[in-house]
Structure formats: C-alpha cells, structure tokens
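# Observations on the model geometry
Here are the chains, one letter per residue:
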Amino acid sequence: MSTLLKKVSALVLVAAFSMACSLPLKAQEKRETALPGNIQELPVIFQQGVTAGKTAVGTKLQAKLSIATLLNGVVFPRNSILSGEVVESAAKTKNEPSRISIRMDSVNSKDKSAPIKLYLTSWYYPSISESGQNLQYGPTEPPQRTWNGAGAYPDPNSHSYKPFPDSSDKGPSVPDTPSSKTSDRRALMKDVDIQRGGDGGIVLVSKHSNLKLDHFTTYVLSAYSPSAK
C-alpha cells in the first residue's frame, strides 16, 4: 500500500471514530433537553400547600420566583410574586387517579408586572444533603487572638466549646454537620403522568398516590410539557 493510501485510510478511521463518539453525546444532550429553547419555564416555591381533592378548584395561589428571570425582555428579580389558581383538583379513588392542574396568570415585583400563562409541570428541584464541618469544634488558641480577622476565638472555658482533636487523640473522629441544599439539576416527580386539560394546559396525574405540593420544594412552571397527551 502506498504512503498516500495509508494516510487516506488513517484519516477515514479517525473521522469514523469521531462520529461514533459524538453520537452518544448528542443522544444524551437530547434526553437532557426537556424544553425547547424558546419555551419559558420558571422555578418557583408555592406559598401554601396544595393537596389534590382537598384544595378546591378556583383556589387562589401565590408562588415566589426562585431565581431572577427574563420575561418578555424584562428581568424579574428573585422572590417576585406569581399569582394564579387551581384549575383541576381530584383525589385518588379506587378507580380514578389523582389529578392536579395549577395555572399561574401574572408575575409582579415592586415596580413591574406582566401577564403569563404557565402551568405546574412534573419537574422539580430536589433537596440534597451536604456534609460540612461541625462548628461546635474550634481551635486551641487563646480567646484574645483573632480568628482570620472574623472575630474572637471561642472561649475555651465555654461549655459549648470543643477543641479540634489532634492526631494523637484516640477518641471518635470529628463528626460532620449535615445540611440541606436545593439541587441545581431538576428531576421528574415519581409515578406522575402528564395529560392535557380542557383548557389546553398541563394536568398532573398519579395512579399511585394522592398528589401533594408543599411550600418548601422548588417546582417548575411552563407552558410546555413534551410528554403531555
């Protein structure tokens, strides 16, 4: 085989390998893109709990915007208030699934407002645990010295003060203090299906349990859901 043919063959193999590697990445990107780029979605925290079947249709609701968001060319800051109502609410029965539909109609901040038409989707941002250093422990330095310029050292005579164990300490290791934070990756509600409501909006449906929303979780509002039927 000539040198030229060898070079051409090598280039063909490299190109084929690159295409094969890019296909799974493109497929993954497609799976992770839940909403088209031109569709607005808002992460919000409801200001009251909602239970399918208990919270009546027509109940007025408010939610706070979790992050600053651009709407129709206007930036609405975090904690802007969204107002809307319960469009559909039905408890789970032996033969019928639980159903809930929530539509938000407006968003308001101190100096601006805008009409919207967004529905609760099956996306939410779960809370995750994060471990950190237990702050009941402190350094063994005298209390009159400063601690990185951020204030005085803890008083060693205080009952709540414990010095950091050193390498010769045979006691238990320094425990971690767990904390909770909201994940930056959304997830789908478990055992929840999506349907289209009579007004063309989004309805959440569950055959497994009665649908409930709390006022601690960050939920996602949108006018679009790819799996709605």
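Quick notes on the rules
- Residues numbered from 1 in each chain as written.
- Predicted model: local features only at pLDDT ≥ 70, side-chain atom pairs only at ≥ 80, totals over all residues.
- Heavy atoms only, no water.
- Helix = DSSP H or I, 4+ residues; strand = E, 2+ residues; numbered from the N terminus.
- Contact = heavy atoms within 4.5 Å.
- Salt bridge = Lys/Arg side-chain N within 4 Å of Asp/Glu carboxyl O.
- Buried < 20%, exposed > 50% of the residue type's maximum accessible area, 1.4 Å probe, protein only.
- Phe/Tyr/Trp six-rings, centres within 6.5 Å; stacked < 30°, edge-to-face > 60°.
- Core = buried A, V, L, I, M, F, W, Y, C linked by side-chain atoms within 4.5 Å.
- Pairing = 2+ DSSP bridges.

## Some words on the side chain of Thr-218
Residue placement: Thr-218 occurs in strand β17 (residues 218–222). In this structure Thr-218 touches Pro-43, Val-44, Ile-45, Ser-66, Tyr-124, Tyr-125 and Thr-182, once residues within four positions along its chain are discounted.

## Side note on the pattern of salt bridges
This structure, assessed with the given rule, holds six salt bridges. For Glu-41, the salt bridge goes to Arg-186, with nearest N and O atoms at 2.6 Å. You can see Glu-41 sitting in strand β1 (residues 41–46) and its partner Arg-186 sitting in the loop between β12 (176–182) and β13 (187–188), a full 145 residues away along the chain. By relative accessible area, Arg-186 is classed as partly exposed at 23%. For Asp-199, the salt bridge is made with Arg-103, and the minimal N-O distance between the two is 3.6 Å. Placement of the pair is Asp-199 in the loop between β14 (193–196) and β15 (202–206) and Arg-103 in strand β7 (residues 98–108), with a sequence separation of 96 residues. A relative accessible area of 34% places Asp-199 in the partly exposed class. You can call Arg-103 buried: its relative accessible area is 17%.

## Notes on the packing of aromatic side chains
In the structure shown here, the tally under the stated rule is one aromatic pair. For the pair Phe-46 and Tyr-219, a centre-to-centre distance of 5.9 Å together with 50° between the ring planes defines the contact as tilted. Here Phe-46 is found in strand β1, whereas its partner Tyr-219 is found in strand β17, with 173 residues between them in sequence. Among the residues examined, Phe-46 registers a relative accessible area of 1% and is labelled buried.

## Structural notes on the nonpolar core
Counting 30 residues, the largest nonpolar core has Phe-46, Leu-82, Ile-102, Leu-204 and Leu-221 as its most contacted members. Counting residues per element, the ones that place at least two in this core are β1, β3 (60–65), β6 (81–90), β7, β8 (113–125), β15 and β17. Sequence-distant contacts of Leu-221, that is, excluding residues within four places in its chain, are made with Gln-40, Glu-41, Leu-42, Val-44, Phe-46, Leu-82, Met-104, Leu-118, Tyr-119, Leu-120 and Thr-121.

## Digging into the pairing of β8
As judged from the five bridges shared by β7 and β8, these two strands associate in the antiparallel manner. In the sheet register, Asn-108 faces β8, and the bridge partner there is Ser-113. Joining the antiparallel neighbours β7 and β8 is a turn of four residues. Alignment of β8 against β17, held across four bridges, turns out to be antiparallel. Within the sheet, the bridge partner assigned to Tyr-125 lies in β17 and is Thr-218.

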